[in-house]
Amino acid sequence: MEHPDLNLLLALDVLLEEGSVVGAARRMNLSTAAMSRTLGRIREAMGDPMFVLAGRKLVPTPRALAIREQVRVAVEHATRAFAPAAESDLKTVERRFNVRANDAFFGIYAGRLLEAMAHAMPRSVLRFSPEEDNADVDALRSGRIDLLISASLKLGPEIRVQPLFTTTFVGIAREGHPIFQEAITPQQLTRWSHVVISRRGKSSGPIDAALQAQGLQRHVALIVPTPSAALFTLHDSDLLLPMPEQLARSAHAAGLRIRIFELPMTLDTVQLTQAWQPRFQTDVAHQWLRRTILELCRQDTPAANTGRRPPRP
């Protein structure tokens, strides 16, 4: 039996990632014509077109999709086998990690993660980007992002997922807000307008469902895209701000003149996870990133992960 040309495996992996001959040629430092000839050899070796034109776009055939993950894992293992031993020294690693994370993680852990990376992988770069609904899963599968940190999503069975921490929502108001003059009830909560954090412009959520069950409705007066923007609106207003508990306590610890209060309703806790492609499973630098993120989350107050509330500030 004739041995296959393993260079074709690498080319196929790049073609599957790029989705175009031009993009793959650029990645492999080849001319477009040479990449086209390589695609021809792949088709001959596989006995399948592997890619077909749909309009102006090159799309993989069912056969190509079926072996996509197998090809990625094979290339990853081969790359690791031929990698020089020096790559295990993280201080020499030059990588740009694309991490897509929600605000609850970014606001609490981004600074500490960057500090840890400055010591362990000083030549590497962290690039954070916000969540993008359904685009997150596609970006993870295609390799456009290295890690996805978010509330639990429905991901494909091939994606590796690891729980990080749980959180629930608390309320925040400025110091001296009239709401603190008496017991905070659901009725009190609806007496004051709210500010909501949403990059997607959503104004309702679990809090609204809980209020509606009691025949109540709050007024959302302002929707902002980031926690920092929401926190600054509290300074000169009587707005109320619901926010993940760890993020709220981080803001209070930073010296903002705010008070935190428990919401007068029962809300489900939210599980945050980190997810990655199996191709990164044995990558030393990626392992360091995942392990460090997990350790940072576990270093926080045990109450963050057990459901017990820490003392109020």
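The notes below deal with the structure included here.

Basis of the calculations
- Residues numbered from 1 in each chain as written.
- Predicted model: local features only at pLDDT ≥ 70, side-chain atom pairs only at ≥ 80, totals over all residues.
- Heavy atoms only, no water.
- Helix = DSSP H or I, 4+ residues; strand = E, 2+ residues; numbered from the N terminus.
- Buried < 20%, exposed > 50% of the residue type's maximum accessible area, 1.4 Å probe, protein only.
- Contact = heavy atoms within 4.5 Å.
- Pairing = 2+ DSSP bridges.
- Axes fitted to C-alpha atoms, helices over the stretch in contact; angles between N-to-C directions.
- Core = buried A, V, L, I, M, F, W, Y, C linked by side-chain atoms within 4.5 Å.
- Expected span 1.5 Å × (residues − 1).
- Parallel < 35°, antiparallel > 145°, perpendicular 65-115°, else oblique.
- Left-handed = near helix turned anticlockwise from the far one by under 90°.
- Nonpolar A, V, L, I, M, F, W, Y, C, P; charged D, E, K, R; others polar.
- Salt bridge = Lys/Arg side-chain N within 4 Å of Asp/Glu carboxyl O.

Here's the deal with the overall build of the protein
- Scanning the protein for helices and strands turns up twelve helices and twelve strands.
- Taking all 313 residues of the protein together, the buried fraction comes to 43%.
- Long-range contacts, defined as pairs at least 24 residues apart, comprise 74% of the intrachain contacts of the protein with a sequence gap of at least 6.

Considering the pairing of strand 12 (residues 270-276)
- Burial runs high along strand 12: five of the seven residues are buried.
- The pairing of strand 5 (residues 147-151) with strand 12 spans four bridges and is antiparallel. Bridging from a neighbouring strand, alanine 151 pairs with leucine 272 of strand 12.
- Of the strand pairs in this sheet, strand 6 (residues 160-167) and strand 12 are connected by seven bridges, and their pairing is antiparallel. Residue proline 163 lies in a different strand from strand 12, and its bridge partner there is threonine 273.

Overview of the sheet that holds strand 4 (residues 125-129)
- Spatially, the five strands line up as an open sheet ordered 4-3-5-12-6, and their pairing is mixed. The sheet is open, and its two edges are formed by strand 4 and strand 6, each paired on a single side. When the angles between neighbouring strand axes are averaged without regard to direction, this sheet yields 20 degrees.
- Inspection of the sheet shows strand 3 (residues 96-101) paired to strand 5 by three bridges, in the parallel sense. Paired with arginine 100 across the two strands is leucine 148, which belongs to strand 5.
- Sheet contacts for helix 5 (residues 103-120): strand 3, strand 4, strand 5, strand 6 and strand 12; angle to strand 4, the most-contacted strand, approximately 175 degrees.
- Sheet contacts for helix 11 (residues 284-299): strand 3, strand 4, strand 5, strand 6 and strand 12; angle to strand 6, the most-contacted strand, approximately 20 degrees.

Looking at the nonpolar core
- Of all hydrophobic cores here, the largest spans 43 residues; its most connected members are Phe105, Leu289 and Ile293.
- Leave out the neighbours within four places in its chain, and phenylalanine 105 touches Ala110, Leu113, Phe128, Ile149, Leu272, Ile293 and Cys297.
- Met35, Ile42, Phe51 and Val71 belong to the second largest nonpolar core, which has 19 residues in total.

Some points on helix 1 (residues 6-18)
- End to end, helix 1 covers 19 Å across 13 residues, agreeing with the expected 18 Å (1.5 Å per residue, within 8%).
- For helix 1, every residue scored as buried is listed here: Leu8, Ala11, Leu12, Asp13, Val14, Leu15 and Leu16.
- Just downstream of helix 1, glycine 19 is the residue with a positive phi angle, here 75 degrees.

A few points about unusual backbone geometry
- With a phi close to 60 degrees, asparagine 29 is a non-glycine residue in the positive phi region.
- Within the element layout of this structure, asparagine 29 appears in the loop between helix 2 (21-27) and helix 3 (32-46).
- The exposed category is assigned to asparagine 29, whose relative accessible area is 72%.
- For methionine 50, which is not a glycine, the phi torsion comes out positive at approximately 70 degrees.
- In this fold, methionine 50 is placed in the loop between helix 3 and strand 1 (51-54).
- We classify methionine 50 as buried; its relative accessible area is 0%.

With respect to the packing of helix 5 against helix 11
- Relative to each other, helix 5 and helix 11 sit at 130 degrees, their axes nearing to 10 Å. Between helix 5 and helix 11, the angle is such that the two are oblique. In the packing of helix 5 onto helix 11, the handedness of the crossing is right-handed. Seen from helix 5, the contacting residues are Phe105, Tyr109, Arg112, Leu113, Ala116, Met117 and Ala120; seen from helix 11, they are Trp288, Leu289, Thr292, Ile293, Leu296 and Cys297.
- For the contact of helix 5 with helix 11, the class distribution of residues is eleven nonpolar, one polar and one charged.

Things to note about the sheet that holds strand 7 (residues 169-174)
- Strand order in this open sheet of three strands is 10-7-11, and the pairing throughout is antiparallel. The open sheet has two edge strands with one neighbour each: strand 10 (241-244) and strand 11 (258-261). Taking the axes of each pair of neighbouring strands and ignoring which way they run, one obtains an average angle of 40 degrees across the sheet.

A closer look at the environment of alanine 104
- Relative to the assigned elements, alanine 104 resides in helix 5.
- Taking the C-alpha atoms as reference points, alanine 104 and proline 227, separated by 123 residues in sequence, lie 8.6 Å from one another.

A few points about the pattern of salt bridges
- What the rule picks out here adds up to eleven salt bridges.
- A salt bridge links arginine 27 to glutamate 17, with the nearest nitrogen and oxygen atoms 3.1 Å apart. One end of the pair, arginine 27, is in helix 2; the other, glutamate 17, is in helix 1, and ten residues separate them in sequence.
- Taking relative accessible area as the criterion, arginine 27 reaches 42% and is therefore assigned partly exposed.
- Across the salt bridge formed by arginine 249 and glutamate 245, the nearest N and O atoms sit 3.2 Å from each other. Of the two residues, arginine 249 and glutamate 245 both sit in helix 10 (residues 245-253), four residues apart, roughly one turn of that helix.
- A network of salt bridges, in which partner residues are shared, links Asp13, Glu17, Glu18, Arg27 and Arg279.

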